[in-house]
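# Geometric and topological summary
Okay, here's what each chain looks like letter by letter:
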Amino acid sequence: MQQDLKSKETQDLIINKSFELFYSQGYNKTSIPDIMKQTSLSKGAFYHHFKNKNDIGKKVIDGIIKNRIYNGFINPLKDYKNKNIPDLILYVFTQRIKNYTEKEKQLGCPANNLINEIGCNESDFRILLRDLIDSWVDTLANTIQEGIRKKEIHSEVNPRALAICLIGSFEGIRGIRKIYDDDIVFDNYMIGIKTYINNISI
């Protein structure tokens, strides 16, 4: 039992340090020696837990990145009981931006960074990232549909189309912010999102 716990702690260390490196310098620019240096593990200890960088990348996506999107977006969007749906959607898509650290503003979205860097080249990553985005779109579309059912959102709104539009604009502004030194693009994005959601609300 003690050995299993130690093994799990070592795996978590590798995954967490790998995520930090992938996020700060990119997946392709991160090497196994970089990860070993950050974890202070020997080559033997490292390869005891992971076969290669691709193996780690899948764990990073299925663990850390998935948890970030579920905790930040998917789970809050499911919690719509006794809540005004347009207000909930606006909150989810703007409150995250208000709480980002300077590092997160400069580096952008970890999921979107991976999509742009390797999403079309690594089939394993592509499947995991696509499943994650599909889950986000499905949840948001269901929440929008609930808003229509409650007569809080106009009935002519296409829930899935709106979900893709909102997620796409959010991921886009995260990327655009990386080339600016201030939050003006974020501020304008939030004004635009608020105006749009107000226009589809009843």
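For clarity, every value in this text was computed on a predicted model and none was experimentally measured.

## Points about the overall build of the chain
Regarding its fold elements, the chain presents 10 helices and 0 strands. Counting from the amino terminus, helix and strand elements in the chain follow one another as α-α-α-α-α-α-α-α-α-α. With respect to the principal axes defined by its C-alpha atoms, the chain has extents near 60 × 40 × 30 Å. Looking at the chain as a whole, 44% of its 202 residues are labelled buried. Contacts spanning at least 24 positions in sequence make up 70% of the contacts within the chain whose residues lie at least 6 apart.

## Topic: a nonpolar patch on the surface
A contiguous nonpolar surface patch, about 320 Å² in accessible area, is contributed by I176, I179 and Y180. Relative to the assigned elements, I176 resides in helix α9 (residues 159–177). Since its relative accessible area comes to 40%, I176 is described here as partly exposed.

## What about unusual backbone geometry?
Although it is not a glycine, S40 adopts a positive phi angle of roughly 60°. Within the element layout of this structure, S40 appears in the loop between α2 (32–39) and α3 (43–49). Within the chain, N82 stands out as a residue other than glycine whose phi angle is a positive 60°. In this structure, N82 sits in the loop between α4 (53–78) and α5 (85–99). Looking at N82, the relative accessible area reads 76%, which means it is exposed.

Calculation notes
Residues numbered from 1 in each chain as written. Predicted model: local features only at pLDDT ≥ 70, side-chain atom pairs only at ≥ 80, totals over all residues. Heavy atoms only, no water. Helix = DSSP H or I, 4+ residues; strand = E, 2+ residues; numbered from the N terminus. Buried < 20%, exposed > 50% of the residue type's maximum accessible area, 1.4 Å probe, protein only. Contact = heavy atoms within 4.5 Å. Patch = residues over 30% accessible without salt bridge, like charges linked within 9 Å, V, L, I, M, F, W, Y side chains within 5 Å. Areas by Shrake-Rupley, 256 points an atom, 1.4 Å probe, with all protein chains shown as cover. Salt bridge = Lys/Arg side-chain N within 4 Å of Asp/Glu carboxyl O.

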